Amino acid sequence: MNKKEKIIIFILIIGVIYFSQYMNVREPIPWIEHKLIAHALGDIDDKIYTNSLEALIESIEEGYKLVEADILLTNDHQLVLRHDWQIERFIKFNQPFIDDGSGIYIPSLDEFANNKIYDKYTPMTFNDLLKFMQEYKDFYVVTDTKYLKPEEYLPQFDLIIKEINSVDPKLLNRFIIQFYNLDMYYNLKETYPFKDYIFTIYAVNITNEEIIDFLNQNQLKYLTMYEGRITPEFIDELAGYGIFTLTHTINDINKVYEYLGIGLDGFYTDTVLMEDIGLK
């Protein structure tokens, strides 16, 4: 082998190493293959944001393998499934509340559990969700824990872990944890034994380059972005690093097909069905 041939081989080897680092093989865990995440446990009778037992049952019957659960704390520090404590939500749900002028009402666990949503749907506690997961074993839960400050979300996750362990520690493997800023990820990863995380970026000011650097440095593979951040170029770049992309909340089937066409991997949705995209 002459000197020129050695140089060519050396260049080829360097090229292979470089591109193999960039073009990471995307090795998804099973949940991402299902594409659709039932937002707030899915809709029920065309009503959204209920996080109700009936909505969850309907989502499972419709073939969803991924559901997003909104998790908040009552005023006596109990975990329940609820999108928010805005008074407008109580009015919409036809539930009682006390108006102190703040626009917020946080009930006790008893109040929460004993007041139907729209006078007919069953509110769910986090413990109710865990019991349901024991019975129905083939779906995953994406958390939406809302709180952004460590003094709020760390006590919340302490309770989440405590309740999971009290029911069945194996359920930990069926939770996918959304986090909303970099510090939140580091705090959760250092403290809790969850396996799977999604970086959801609506609450943080961060560039595309910073997103990629952070995900790669921490070997994270899942990103949820709002529609305004979606471009074919960004999705392609993320895919090149082995990163899967999702967006929220899409209820237009035409948009689902459009985004699938440019490489998006998953969608939070209230109304798009698994059968609509040929997955049921």
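Whatever comes next refers back to the structure up there.
A few points on the structure. (Residues numbered from 1 in each chain as written. Predicted model: local features only at pLDDT ≥ 70, side-chain atom pairs only at ≥ 80, totals over all residues. Heavy atoms only, no water.)

Brief notes about the overall build of the chain
Inference 1: The helix and strand tally for the chain stands at 10 helices and nine strands.
Inference 2: Within the chain, buried positions represent 46% of all 280 residues.
Inference 3: A sequence separation of at least 24 residues applies to 58% of the contacts in the chain between residues at least 6 apart.
Inference 4: Here the chain displays about 13900 Å² of accessible surface, and carbon together with sulfur accounts for 53% of that area. (Helix = DSSP H or I, 4+ residues; strand = E, 2+ residues; numbered from the N terminus. Buried < 20%, exposed > 50% of the residue type's maximum accessible area, 1.4 Å probe, protein only. Contact = heavy atoms within 4.5 Å. Areas by Shrake-Rupley, 256 points an atom, 1.4 Å probe, with all protein chains shown as cover.)

Considerations on the nonpolar core
Inference 1: Core analysis: the largest hydrophobic core is formed by 75 residues, its most contacted members being Phe-126, Leu-129, Phe-175, Phe-194 and Leu-223.
Inference 2: Looking at which element gives the most residues to this core, the answer is helix α6 (residues 150-167), with six residues.
Inference 3: Sequence-distant contacts of Phe-175, that is, excluding residues within four places in its chain, are made with Phe-126, Leu-129, Leu-130, Met-133, Val-141, Thr-143, Ile-164, Phe-194 and Asp-196.
Inference 4: Trp-31, Tyr-222, Phe-244 and Tyr-268 belong to the second largest nonpolar core, which has 12 residues in total. (Core = buried A, V, L, I, M, F, W, Y, C linked by side-chain atoms within 4.5 Å.)

Some remarks on helix α8 (residues 208-217)
Inference 1: Those residues of α8 that sit buried are Ile-211, Ile-212, Phe-214 and Leu-215. Looking down the long axis of α8, one finds its buried residues gathered within 165 degrees of arc, a one-sided arrangement. Among the exposed residues of α8, those oriented more than 90 degrees off its buried face are Glu-209 and Gln-217.
Inference 2: Against β5 (175-179), α7 (182-191), β6 (196-200), β7 (222-225) and α9 (232-240) lie the buried residues of α8.
Inference 3: Following α8 by one or two positions, Gln-219 adopts a phi angle in the positive range, close to 55 degrees. (Arc of directions from axis to C-beta.)

Re the pattern of salt bridges
Oppositely charged side chains are able to pair whenever their charged atoms sit close together.
Inference 1: One pass over the structure, following the stated rule, counts six salt bridges.
Inference 2: The partner of Lys-120 in a salt bridge is Asp-45, with the nearest N and O atoms 3.8 Å apart. Of this pair, Lys-120 sits in the loop between α4 (109-113) and α5 (126-135) while Asp-45 is found in the loop between β1 (36-38) and α2 (53-61), placing the two residues 75 residues apart along the sequence.
Inference 3: Of the charged contacts, one joins Lys-146 and Asp-70 as a salt bridge, the two residues approaching to 3.2 Å between their closest N and O atoms. Remark: Asp-70 occurs in strand β2 (residues 66-73) and Lys-146 occurs in the loop between β4 (140-144) and α6; sequence separation between them is 76 residues.
Inference 4: Residues joined in a network through salt bridges with shared partners are Asp-70, Asp-144 and Lys-146. (Salt bridge = Lys/Arg side-chain N within 4 Å of Asp/Glu carboxyl O.)

Brief notes about helix α10 (residues 253-261)
Residues spaced three or four apart along an α-helix face the same direction, because each turn holds 3.6 residues.
Inference 1: Capping the start of α10 is the job of one residue whose side-chain oxygen sits 2.8 Å from the backbone nitrogen of Asn-254: Asp-252.
Inference 2: One or two steps after α10, the chain reaches Gly-263, where phi turns positive at roughly 105 degrees. (Polar contact = N/O pair within 3.5 Å; in protein donor to acceptor, adjacent residues only side chain to side chain.)

Observations regarding the packing of aromatic side chains
Inference 1: Summed over all chains, the structure comprises 22 aromatic pairs.
Inference 2: Among the aromatic residues, those joined into a ring-pair cluster are Phe-179, Tyr-185, Tyr-186, Tyr-197, Phe-199 and Phe-214.
Inference 3: Over the ring of Tyr-118 we find Lys-47; its NZ or CZ atom is 5.2 Å from the centre of that ring.
Inference 4: In this structure, Arg-174 is placed above the aromatic ring of Phe-139, and the distance from its NZ or CZ to the ring centre is 5.2 Å. (Phe/Tyr/Trp six-rings, centres within 6.5 Å; stacked < 30°, edge-to-face > 60°. Lys NZ or Arg CZ within 6 Å of the ring centre and 35° of its normal.)

A closer look at the packing of α5 against α6
Inference 1: For the pair α5 and α6, interaxial distance at closest approach is 10 Å and the crossing angle is 40 degrees. The crossing of α5 and α6 is right-handed. Contacts from Phe-126, Asn-127, Leu-130, Lys-131 and Gln-134 in α5 reach Ile-160, Glu-163, Ile-164 and Val-167 in α6.
Inference 2: Tallied by class, the residues present in the contact of α5 with α6 amount to five nonpolar, two polar and two charged. (Axes fitted to C-alpha atoms, helices over the stretch in contact; angles between N-to-C directions. Left-handed = near helix turned anticlockwise from the far one by under 90°. Nonpolar A, V, L, I, M, F, W, Y, C, P; charged D, E, K, R; others polar.)

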